[in-house]
Amino acid sequence: MADLVLTGPALEKARSQINEALIEAGVHTVLLIDQAGNVVASCGKNRKDLDVTSLAALAAANFGATSQMAKLIGEDDFSLLFHKGKRDSIHFAKVGNELILVTIFGDEVSLGLVRLRVAELTGSIEKIFGQGN
Amino acid sequence: MALIDLSKREVHCKIVYYGPGRCGKTTNLLYIYNSMNSNAKGKLLTIETKGDRTLFFDLLPLNLGKINGFDIRIQLYTVPGQAIYEATRKLVLKGVDGLVFVADSLRVRRNKNIESLNDLIINLKEYNIDIESLPVVLQYNKRDLANSPIPTLTIEELEGDLNTRLGVKTFEAAATKGIGVFETLKNISKKTVRYVATKHLLNPQKQMEKVL
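Heads up: these notes are all about the structure in this document.

So, how was this worked out
Residues numbered from 1 in each chain as written. Chains lettered and ligands numbered in written order. Predicted model: local features only at pLDDT ≥ 70, side-chain atom pairs only at ≥ 80, totals over all residues. Helix = DSSP H or I, 4+ residues; strand = E, 2+ residues; numbered from the N terminus. Buried ≥ 20, exposed ≤ 12 C-beta atoms within 10 Å, placed from the backbone. Contact = placed C-beta atoms within 7 Å. Pairing = 2+ DSSP bridges. Axes fitted to C-alpha atoms, helices over the stretch in contact; angles between N-to-C directions. Nonpolar A, V, L, I, M, F, W, Y, C, P; charged D, E, K, R; others polar. Core = buried A, V, L, I, M, F, W, Y, C linked by C-beta atoms within 7 Å.

## Looking at the overall build of chain B
Here is step 1: Secondary structure summary: chain B contains six helices and eight strands in total.
Here is step 2: Helices and strands appear in chain B in the N-to-C order β-β-α-β-β-β-α-β-α-β-α-β-α-α.
Here is step 3: Principal-axis analysis of the C-alpha atoms places the extent of chain B at approximately 60 × 35 × 30 Å.
Here is step 4: In chain B, which comprises 212 residues, the proportion classed as buried is 45%.
Here is step 5: In chain B, once contacts between residues fewer than 6 apart in sequence are set aside, the share between residues at least 24 apart is 72%.

## Describing the sheet that holds strand β4 (residues 80-83) of chain A
Residue and element names in this part refer to chain A.
Here is step 1: An order of β3-β2-β6-β5-β4 is seen for the five strands of this open sheet, with the pairing classed as antiparallel. Edge positions in the open sheet fall to β3 (39-44) and β4, since each of these has one partner strand only. Averaged over neighbouring strand pairs, the angle between their axes works out to 15° when direction is ignored.
Here is step 2: Note: strand β2 (residues 29-34) against strand β6 (residues 99-106), six bridges, orientation antiparallel. By the bridge assignment, Asp34 is partnered in β6 with Leu99.

## Notes on the interface of chain B and chain A
Here is step 1: Counting residues at the interface gives 26 residues for chain B and 22 residues for chain A.
Here is step 2: When residues of the side of chain B that touches chain A are traced back to their parent elements, those giving at least two are β1 (3-5), β2 (10-18), β4 (54-67), α2 (86-93) and α6 (204-211) of chain B.
Here is step 3: Among the elements that make up the side of chain B that touches chain A, the one with the highest residue count is β4(B) (four residues).
Here is step 4: Looking at the side of chain B that touches chain A residue by residue, the class counts come to 14 nonpolar, six polar and six charged.
Here is step 5: Two strands pair when backbone bridges link them, and strand β1 (residues 4-6) of chain A and β1(B) are joined in this way by three bridges, in the parallel orientation. Bridging from a neighbouring strand, Leu6(A) pairs with Asp5(B) of β1(B).

## Considerations on the nonpolar core
A general feature of soluble globular proteins is that nonpolar side chains tend to end up buried together.
Here is step 1: Counting residues in each nonpolar core, the largest one holds 91 residues, and the members touching the most others are Leu32(A), Ile33(A), Ile100(A), Leu101(A), Val16(B) and Phe101(B).
Here is step 2: Among all residues touching Val16(B), those that are not within four sequence positions of it are Tyr77(B), Val79(B), Val92(B), Leu93(B), Val96(B) and Leu99(B).

## Things to note about α2(B)
Here is step 1: Among the residues of α2(B), those classed as buried are Thr88(B), Arg89(B), Leu91(B), Val92(B) and Leu93(B).
Here is step 2: Following α2(B) by one or two positions, Gly95(B) has its phi on the positive side, about 75°.

Okay, structure coming up:
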(Lines give C-alpha, C1' and ligand atoms only; values in the text may rest on other atoms or scores of the structure.)
Protein backbone atom coordinates (compact mmCIF):
# COMPACT_ATOMS: atom_id res chain seq x y z
CA MET A 1 0.00 0.00 0.00
CA ALA A 2 1.61 3.23 -1.14
CA ASP A 3 1.54 6.41 0.91
CA LEU A 4 -0.95 8.94 -0.34
CA VAL A 5 0.39 12.43 -1.03
CA LEU A 6 -2.27 15.02 -1.81
CA THR A 7 -1.49 18.15 -3.77
CA GLY A 8 -3.56 21.31 -3.68
CA PRO A 9 -4.52 21.29 -7.39
CA ALA A 10 -5.59 17.61 -7.40
CA LEU A 11 -7.70 18.09 -4.28
CA GLU A 12 -9.28 21.27 -5.63
CA LYS A 13 -10.19 19.50 -8.84
CA ALA A 14 -11.72 16.58 -6.94
CA ARG A 15 -13.63 18.97 -4.67
CA SER A 16 -15.06 20.98 -7.53
CA GLN A 17 -16.20 17.82 -9.31
CA ILE A 18 -17.86 16.53 -6.15
CA ASN A 19 -19.60 19.88 -5.65
CA GLU A 20 -20.81 19.94 -9.24
CA ALA A 21 -22.06 16.36 -9.36
CA LEU A 22 -23.49 15.88 -5.88
CA ILE A 23 -23.70 18.96 -3.68
CA GLU A 24 -25.50 20.94 -6.39
CA ALA A 25 -27.93 18.02 -6.74
CA GLY A 26 -29.01 18.50 -3.12
CA VAL A 27 -26.73 16.05 -1.29
CA HIS A 28 -25.68 17.56 2.01
CA THR A 29 -22.31 15.99 2.79
CA VAL A 30 -19.74 14.09 0.73
CA LEU A 31 -16.54 12.62 2.15
CA LEU A 32 -13.71 11.20 0.13
CA ILE A 33 -11.76 8.85 2.41
CA ASP A 34 -9.03 6.25 1.99
CA GLN A 35 -9.33 2.63 3.04
CA ALA A 36 -7.25 3.25 6.17
CA GLY A 37 -9.97 5.66 7.37
CA ASN A 38 -8.26 9.00 6.66
CA VAL A 39 -10.38 11.89 5.37
CA VAL A 40 -9.02 13.03 2.01
CA ALA A 41 -11.67 15.65 1.26
CA SER A 42 -14.91 16.74 2.82
CA CYS A 43 -17.51 18.74 0.89
CA GLY A 44 -20.93 20.19 1.51
CA LYS A 45 -22.66 21.50 4.60
CA ASN A 46 -20.22 22.05 7.39
CA ARG A 47 -22.19 20.32 10.14
CA LYS A 48 -20.56 20.87 13.48
CA ASP A 49 -22.37 17.89 15.00
CA LEU A 50 -20.87 15.54 12.42
CA ASP A 51 -17.76 13.77 13.71
CA VAL A 52 -16.01 13.34 10.37
CA THR A 53 -12.96 11.49 11.76
CA SER A 54 -15.08 8.78 13.41
CA LEU A 55 -17.37 8.55 10.41
CA ALA A 56 -14.41 8.00 8.08
CA ALA A 57 -12.88 5.32 10.32
CA LEU A 58 -16.20 3.50 10.61
CA ALA A 59 -16.95 3.81 6.90
CA ALA A 60 -13.56 2.32 6.00
CA ALA A 61 -14.07 -0.49 8.53
CA ASN A 62 -17.60 -1.08 7.24
CA PHE A 63 -16.30 -1.33 3.72
CA GLY A 64 -13.57 -3.72 4.80
CA ALA A 65 -16.04 -5.88 6.71
CA THR A 66 -18.45 -6.16 3.79
CA SER A 67 -15.69 -7.00 1.36
CA GLN A 68 -14.76 -9.91 3.63
CA MET A 69 -18.44 -10.95 3.50
CA ALA A 70 -18.26 -10.69 -0.29
CA LYS A 71 -15.30 -13.08 -0.32
CA LEU A 72 -17.25 -15.56 1.83
CA ILE A 73 -19.99 -15.78 -0.79
CA GLY A 74 -17.50 -15.95 -3.65
CA GLU A 75 -17.53 -12.30 -4.74
CA ASP A 76 -14.36 -10.18 -4.96
CA ASP A 77 -15.89 -7.10 -3.47
CA PHE A 78 -19.13 -5.16 -3.13
CA SER A 79 -18.43 -1.97 -5.02
CA LEU A 80 -21.24 -0.01 -3.41
CA LEU A 81 -23.13 -0.01 -0.12
CA PHE A 82 -26.24 1.85 0.94
CA HIS A 83 -27.73 2.41 4.40
CA LYS A 84 -31.24 3.86 4.58
CA GLY A 85 -32.26 5.99 7.53
CA LYS A 86 -35.56 7.69 8.44
CA ARG A 87 -34.38 11.11 7.26
CA ASP A 88 -30.83 10.71 6.05
CA SER A 89 -29.14 7.89 4.18
CA ILE A 90 -25.55 7.00 3.43
CA HIS A 91 -24.18 5.68 0.17
CA PHE A 92 -20.64 4.29 -0.15
CA ALA A 93 -18.80 3.67 -3.41
CA LYS A 94 -15.33 2.43 -4.09
CA VAL A 95 -13.03 4.72 -6.10
CA GLY A 96 -10.11 2.78 -7.60
CA ASN A 97 -8.35 0.49 -5.17
CA GLU A 98 -7.66 2.87 -2.32
CA LEU A 99 -10.43 5.46 -1.97
CA ILE A 100 -14.08 5.42 -0.89
CA LEU A 101 -16.68 8.07 -1.66
CA VAL A 102 -19.21 8.51 1.16
CA THR A 103 -22.39 10.41 0.27
CA ILE A 104 -24.88 11.51 2.93
CA PHE A 105 -28.24 12.73 1.65
CA GLY A 106 -31.78 13.40 2.84
CA ASP A 107 -35.08 11.95 1.57
CA GLU A 108 -35.52 14.85 -0.87
CA VAL A 109 -32.79 13.41 -3.10
CA SER A 110 -33.51 10.15 -4.91
CA LEU A 111 -31.19 7.20 -4.52
CA GLY A 112 -31.23 6.70 -8.28
CA LEU A 113 -29.81 10.16 -8.88
CA VAL A 114 -27.10 9.64 -6.26
CA ARG A 115 -26.13 6.30 -7.79
CA LEU A 116 -25.98 7.77 -11.27
CA ARG A 117 -23.91 10.79 -10.26
CA VAL A 118 -21.60 8.72 -8.03
CA ALA A 119 -20.99 6.25 -10.86
CA GLU A 120 -19.91 9.10 -13.14
CA LEU A 121 -17.86 10.73 -10.43
CA THR A 122 -15.85 7.69 -9.33
CA GLY A 123 -14.32 7.40 -12.80
CA SER A 124 -13.21 11.01 -12.91
CA ILE A 125 -11.86 11.05 -9.33
CA GLU A 126 -9.92 7.89 -10.06
CA LYS A 127 -8.28 9.68 -12.96
CA ILE A 128 -7.36 12.71 -10.81
CA PHE A 129 -5.57 10.58 -8.22
CA GLY A 130 -4.18 8.17 -10.82
CA GLN A 131 -5.51 4.61 -10.28
CA GLY A 132 -7.17 5.80 -7.10
CA ASN A 133 -3.82 6.13 -5.37
CA MET B 1 -0.21 4.40 4.73
CA ALA B 2 0.37 7.91 5.90
CA LEU B 3 -1.73 10.61 4.29
CA ILE B 4 0.02 13.87 3.52
CA ASP B 5 -2.22 16.79 2.67
CA LEU B 6 -0.08 19.44 1.00
CA SER B 7 -2.95 21.91 0.69
CA LYS B 8 -3.82 21.92 4.41
CA ARG B 9 -0.22 21.08 5.38
CA GLU B 10 -1.24 18.10 7.49
CA VAL B 11 0.27 14.66 7.97
CA HIS B 12 -1.97 11.84 9.19
CA CYS B 13 -0.34 8.74 10.67
CA LYS B 14 -1.95 5.56 11.97
CA ILE B 15 -0.58 3.81 15.03
CA VAL B 16 -2.09 0.45 15.99
CA TYR B 17 -1.99 -1.12 19.47
CA TYR B 18 -1.83 -4.86 18.92
CA GLY B 19 -1.76 -7.72 21.41
CA PRO B 20 -3.67 -10.68 22.86
CA GLY B 21 -7.18 -10.33 24.32
CA ARG B 22 -7.42 -8.67 27.73
CA CYS B 23 -3.81 -7.39 27.66
CA GLY B 24 -4.81 -3.73 28.10
CA LYS B 25 -4.79 -2.08 24.66
CA THR B 26 -8.05 -0.24 25.23
CA THR B 27 -6.91 0.65 28.77
CA ASN B 28 -3.87 2.39 27.24
CA LEU B 29 -6.12 4.45 24.98
CA LEU B 30 -8.54 5.26 27.78
CA TYR B 31 -5.72 6.51 30.00
CA ILE B 32 -4.37 8.68 27.17
CA TYR B 33 -7.85 10.00 26.44
CA ASN B 34 -8.54 10.87 30.08
CA SER B 35 -5.20 12.60 30.63
CA MET B 36 -4.88 14.71 27.50
CA ASN B 37 -5.88 18.29 27.03
CA SER B 38 -9.12 18.55 25.06
CA ASN B 39 -7.44 20.75 22.40
CA ALA B 40 -5.06 17.98 21.48
CA LYS B 41 -7.47 15.07 21.36
CA GLY B 42 -10.51 14.09 19.35
CA LYS B 43 -13.42 11.90 20.33
CA LEU B 44 -12.68 8.39 21.55
CA LEU B 45 -14.62 5.93 19.46
CA THR B 46 -15.05 2.39 20.72
CA ILE B 47 -16.93 -0.50 19.26
CA GLU B 48 -17.21 -3.11 21.97
CA THR B 49 -19.26 -6.11 22.97
CA LYS B 50 -21.44 -6.11 26.09
CA GLY B 51 -18.61 -7.53 28.15
CA ASP B 52 -16.42 -4.47 27.47
CA ARG B 53 -14.27 -6.32 25.00
CA THR B 54 -13.30 -4.53 21.83
CA LEU B 55 -15.38 -5.93 18.97
CA PHE B 56 -13.94 -4.05 16.02
CA PHE B 57 -11.57 -1.28 17.11
CA ASP B 58 -11.10 1.79 19.29
CA LEU B 59 -9.98 5.02 17.71
CA LEU B 60 -8.44 8.08 19.34
CA PRO B 61 -7.27 10.98 17.12
CA LEU B 62 -4.52 13.23 18.55
CA ASN B 63 -2.80 16.42 17.40
CA LEU B 64 0.90 16.46 18.06
CA GLY B 65 1.88 19.96 16.94
CA LYS B 66 4.02 20.96 13.95
CA ILE B 67 7.09 19.66 12.15
CA ASN B 68 8.51 21.62 9.20
CA GLY B 69 5.28 23.63 9.11
CA PHE B 70 3.14 20.49 8.86
CA ASP B 71 0.46 19.69 11.45
CA ILE B 72 1.01 16.18 12.74
CA ARG B 73 -2.19 14.22 13.38
CA ILE B 74 -2.02 10.76 14.80
CA GLN B 75 -4.80 8.23 14.99
CA LEU B 76 -4.44 5.56 17.63
CA TYR B 77 -6.28 2.32 16.91
CA THR B 78 -6.62 -0.87 18.90
CA VAL B 79 -7.56 -4.27 17.55
CA PRO B 80 -9.82 -6.92 19.11
CA GLY B 81 -7.38 -9.32 20.78
CA GLN B 82 -9.41 -12.54 20.87
CA ALA B 83 -8.20 -15.10 18.33
CA ILE B 84 -11.67 -15.39 16.74
CA TYR B 85 -11.57 -11.80 15.40
CA GLU B 86 -8.71 -12.38 12.99
CA ALA B 87 -10.47 -10.85 10.00
CA THR B 88 -11.22 -7.58 11.81
CA ARG B 89 -7.67 -7.36 13.17
CA LYS B 90 -6.37 -7.55 9.67
CA LEU B 91 -8.72 -4.79 8.52
CA VAL B 92 -7.56 -2.42 11.25
CA LEU B 93 -3.93 -3.02 10.25
CA LYS B 94 -4.63 -1.65 6.78
CA GLY B 95 -2.45 1.43 6.25
CA VAL B 96 -0.59 1.14 9.56
CA ASP B 97 2.43 3.44 10.06
CA GLY B 98 3.52 2.42 13.56
CA LEU B 99 2.85 -0.43 15.98
CA VAL B 100 2.73 -0.93 19.73
CA PHE B 101 2.67 -4.57 20.73
CA VAL B 102 1.14 -4.82 24.20
CA ALA B 103 2.16 -8.03 25.96
CA ASP B 104 0.44 -9.46 29.02
CA SER B 105 2.77 -10.15 31.96
CA LEU B 106 0.50 -12.84 33.42
CA ARG B 107 2.20 -16.23 33.24
CA VAL B 108 -1.01 -17.91 32.03
CA ARG B 109 -0.97 -15.60 29.02
CA ARG B 110 2.52 -16.55 27.87
CA ASN B 111 1.38 -18.55 24.84
CA LYS B 112 -1.27 -15.98 23.93
CA ASN B 113 1.44 -13.30 23.66
CA ILE B 114 3.53 -15.43 21.33
CA GLU B 115 0.50 -16.43 19.25
CA SER B 116 -0.61 -12.82 18.92
CA LEU B 117 2.84 -11.64 17.79
CA ASN B 118 2.98 -14.41 15.17
CA ASP B 119 -0.53 -13.48 14.04
CA LEU B 120 0.63 -9.85 13.66
CA ILE B 121 3.62 -10.85 11.56
CA ILE B 122 1.42 -13.01 9.30
CA ASN B 123 -1.25 -10.32 8.92
CA LEU B 124 1.35 -7.70 7.99
CA LYS B 125 2.86 -10.07 5.45
CA GLU B 126 -0.50 -10.27 3.73
CA TYR B 127 -0.22 -6.50 3.13
CA ASN B 128 3.38 -7.08 1.95
CA ILE B 129 4.79 -5.36 5.03
CA ASP B 130 7.80 -6.73 6.84
CA ILE B 131 7.46 -6.06 10.59
CA GLU B 132 11.13 -5.09 10.75
CA SER B 133 10.56 -2.26 8.27
CA LEU B 134 7.91 -0.56 10.46
CA PRO B 135 8.40 1.47 13.66
CA VAL B 136 7.49 -0.95 16.49
CA VAL B 137 7.74 -0.77 20.28
CA LEU B 138 6.88 -3.40 22.86
CA GLN B 139 4.97 -2.70 26.04
CA TYR B 140 5.09 -5.21 28.89
CA ASN B 141 1.84 -4.44 30.63
CA LYS B 142 0.52 -5.36 34.09
CA ARG B 143 3.99 -5.03 35.69
CA ASP B 144 2.27 -3.92 38.90
CA LEU B 145 1.25 -7.55 39.38
CA ALA B 146 4.89 -8.69 39.56
CA ASN B 147 4.93 -8.06 43.30
CA SER B 148 1.57 -9.75 43.90
CA PRO B 149 0.93 -13.47 44.51
CA ILE B 150 -0.38 -13.84 40.93
CA PRO B 151 2.23 -15.70 38.82
CA THR B 152 3.79 -13.30 36.29
CA LEU B 153 6.51 -13.57 33.66
CA THR B 154 9.89 -11.97 34.28
CA ILE B 155 11.20 -9.28 31.93
CA GLU B 156 13.88 -11.75 30.74
CA GLU B 157 11.20 -14.30 29.83
CA LEU B 158 9.14 -11.69 27.96
CA GLU B 159 12.26 -10.46 26.15
CA GLY B 160 13.16 -14.02 25.21
CA ASP B 161 9.65 -14.81 23.96
CA LEU B 162 8.88 -11.63 22.07
CA ASN B 163 11.90 -9.45 21.45
CA THR B 164 14.69 -11.75 20.26
CA ARG B 165 13.79 -11.29 16.61
CA LEU B 166 12.54 -7.70 16.76
CA GLY B 167 15.13 -6.20 19.11
CA VAL B 168 13.02 -3.06 19.63
CA LYS B 169 12.66 -0.67 22.53
CA THR B 170 10.50 -1.99 25.36
CA PHE B 171 8.48 -0.30 28.09
CA GLU B 172 7.24 -1.66 31.38
CA ALA B 173 3.72 -0.51 32.09
CA ALA B 174 0.71 -0.73 34.36
CA ALA B 175 -1.89 0.79 32.05
CA THR B 176 -4.70 0.92 34.64
CA LYS B 177 -2.53 3.27 36.73
CA GLY B 178 -1.02 5.03 33.73
CA ILE B 179 2.53 3.87 34.42
CA GLY B 180 4.50 3.62 31.16
CA VAL B 181 1.53 4.61 28.97
CA PHE B 182 2.81 8.02 27.89
CA GLU B 183 6.42 6.80 27.65
CA THR B 184 5.20 4.19 25.13
CA LEU B 185 3.09 6.71 23.23
CA LYS B 186 5.84 9.32 23.05
CA ASN B 187 8.38 6.85 21.75
CA ILE B 188 6.17 5.28 19.09
CA SER B 189 4.87 8.71 17.94
CA LYS B 190 8.41 10.00 17.57
CA LYS B 191 9.48 6.91 15.64
CA THR B 192 6.38 6.93 13.42
CA VAL B 193 6.59 10.63 12.58
CA ARG B 194 10.29 10.30 11.81
CA TYR B 195 9.56 7.27 9.60
CA VAL B 196 6.86 9.10 7.62
CA ALA B 197 8.82 12.38 7.50
CA THR B 198 12.08 10.88 6.24
CA LYS B 199 10.08 9.05 3.61
CA HIS B 200 8.40 12.20 2.29
CA LEU B 201 8.70 15.59 3.91
CA LEU B 202 12.44 15.79 4.40
CA ASN B 203 13.11 14.62 0.92
CA PRO B 204 11.49 17.09 -1.48
CA GLN B 205 12.90 15.39 -4.57
CA LYS B 206 11.26 12.09 -3.72
CA GLN B 207 8.10 13.84 -2.68
CA MET B 208 7.80 15.51 -6.07
CA GLU B 209 8.37 12.22 -7.83
CA LYS B 210 5.44 10.74 -5.89
CA VAL B 211 3.23 13.65 -6.72
CA LEU B 212 4.11 13.60 -10.41
